[in-house]
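Structural overview for review
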Amino acid sequence: MAEEQADLSAMVEDIVRAGQAEEYWWADPDMRALLHGLAADDPQSIEMGLSYLWGSFVEYPNVFRPAVPAVQYVLALLDRKAAGETVIRSPDGRLRPLRGHLLTWLSDVADAVGDVREREFVELAGYSPLESPTSAWHAVRQLRPQMYEAAAAYLDDPHLGARQEAITVAVVLVRVPELAVHRQRIAAAARAFLEARTDPVRRRWADEAFRELSPTYVADQPVETQPEPDRMH
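Residues numbered from 1 in each chain as written. Predicted model: local features only at pLDDT ≥ 70, side-chain atom pairs only at ≥ 80, totals over all residues. Heavy atoms only, no water.

Describing the nonpolar core
Threshold: Among buried residues, those of type Ala, Val, Leu, Ile, Met, Phe, Trp, Tyr and Cys that are joined through side-chain atoms within 4.5 Å constitute a nonpolar core. Type-normalised accessible area, obtained with a 1.4 Å probe on protein chains alone, sets the label of each residue: buried when under 20%, exposed when over 50%, and partly exposed for intermediate values. Secondary structure counts use DSSP, requiring at least four H or I residues in a row for a helix and at least two E residues in a row for a strand, with both numbered from the N terminus. Should any heavy atoms of two residues lie within 4.5 Å, those residues are counted as being in contact.
The biggest cluster of nonpolar side chains holds 70 residues, and the ones touching the most others in it are L35, F57, Y73, W105, L106, I167 and I186. At 10 residues, helix α4 (residues 67-79) tops the list of elements feeding residues into this core. Residues within four places of L35 in sequence aside, it is in contact with V12, I15, Y52, F57 and Y73.

Structure representation (structure tokens):
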């Protein structure tokens, strides 16, 4: 346990150092405490950590360098089955166990470095963020296989919200060629989720996810996922 905490602390320090080296990134003076809060046991610390996580590493159309160790930190938290079954509220109002919120954040980051966002960046800035081989975009893209494995571990999660978020991030990730081999598995997971649900909001979401994974689907935008009513599952 002490070794695990030391590893997480080292990852937080990696985020801090990356932030100090980022010229256009503002580091909150409470950053360490907020990030450590994600590994805490009390819901208030976790909620504060989530708010910081969401607002600090991606700012459309930019992906900041500290996002790279932040992804690694989130992957480590997911690997340790973060915060058990405690259900907390995310900054956008969703009730989920922490693992569900962390998976949602991974989905947002994966989407932020996708091809659609890269084209939008070019339109806005006049150049590609991928021009530099040392950019945060490249580094986050290199973590996509690990992000997929983290999501895949929760495809059968007993909490419906966490399972839905696992499918969501997987749908985003299997768009890329190196992970396309997993599309059939994720399509099956989305189909099973759809067939087992009666709630119309969840069914609509699952149907959209399943259709995007069809070989005949043509789209240039991410799957739309609407915030759901607060429910305890």
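Some thoughts on the confidence of the model for the protein
Low pLDDT marks stretches whose predicted atomic positions should not be read closely. Basically, it comes down to this: Within a predicted model, pLDDT stands for the predictor's per-residue confidence, ranging from 0 to 100.
With 90% of its residues at a pLDDT of 70 or more, the protein shows a mean pLDDT of 88. The low-confidence segment residues 229-233 (pLDDT under 50) makes 11 contacts with residues lying over four places distant or belonging to another chain.

Re helix α10 (residues 183-196)
In plain terms, the rule: The span one expects for a helix is its residue count, reduced by one, times 1.5 Å. Within this analysis, the arc is defined by the directions that extend from the helix axis to the C-beta atoms.
The terminal C-alpha atoms of α10 lie 20 Å apart, and with 14 residues this matches the ideal 20 Å at 1.5 Å per residue to within 8%. Along α10, the positions that sit buried rather than exposed are I186, A187, A189, A190, F193 and L194. One face of α10 carries all of its buried residues, which in axial projection span an arc of 160°. In α10, the exposed positions that point more than 90 degrees away from the buried face belong to Q184 and E195. Packing partners of the buried residues in α10 comprise α8 (144-152), α9 (160-173) and α11 (200-212).

A short note on the pattern of salt bridges
Using the following cut-off: Salt bridges are defined as contacts in which a side-chain nitrogen from Lys or Arg sits within 4 Å of a carboxyl oxygen from Asp or Glu.
For the coordinates displayed, the defined rule picks out 13 salt bridges. A salt bridge links D111 to R117, with the nearest nitrogen and oxygen atoms 3.1 Å apart. D111 gets classed as buried once you look at its relative accessible area, which sits at 14%. One continuous salt-bridge network, built from bridges that share partners, spans D111, R117, E120, R175 and E212.

Description of the packing of α4 against α8
Here is the rule: Helix axes are fitted only over the stretch in contact, all axes being lines through C-alpha atoms; the angle between N-to-C directions runs from 0 to 180 degrees. Roughly parallel means an angle under 35 degrees; roughly antiparallel means over 145; roughly perpendicular covers 65 to 115; every other angle is labelled oblique. Handedness of a crossing is defined here by the sense of rotation of the near helix relative to the far one, left-handed for an anticlockwise turn of less than a right angle and right-handed for a clockwise turn.
Between α4 and α8, the shortest axis-to-axis distance is 10 Å and the interhelical angle comes to 25°. Accordingly, the angle class assigned to the pair α4 and α8 is roughly parallel. In terms of crossing hand, the pair formed by α4 and α8 is left-handed. On the side of α4, the interface is formed by V71, L75 and L78, while α8 contributes Q146, M147 and A150.

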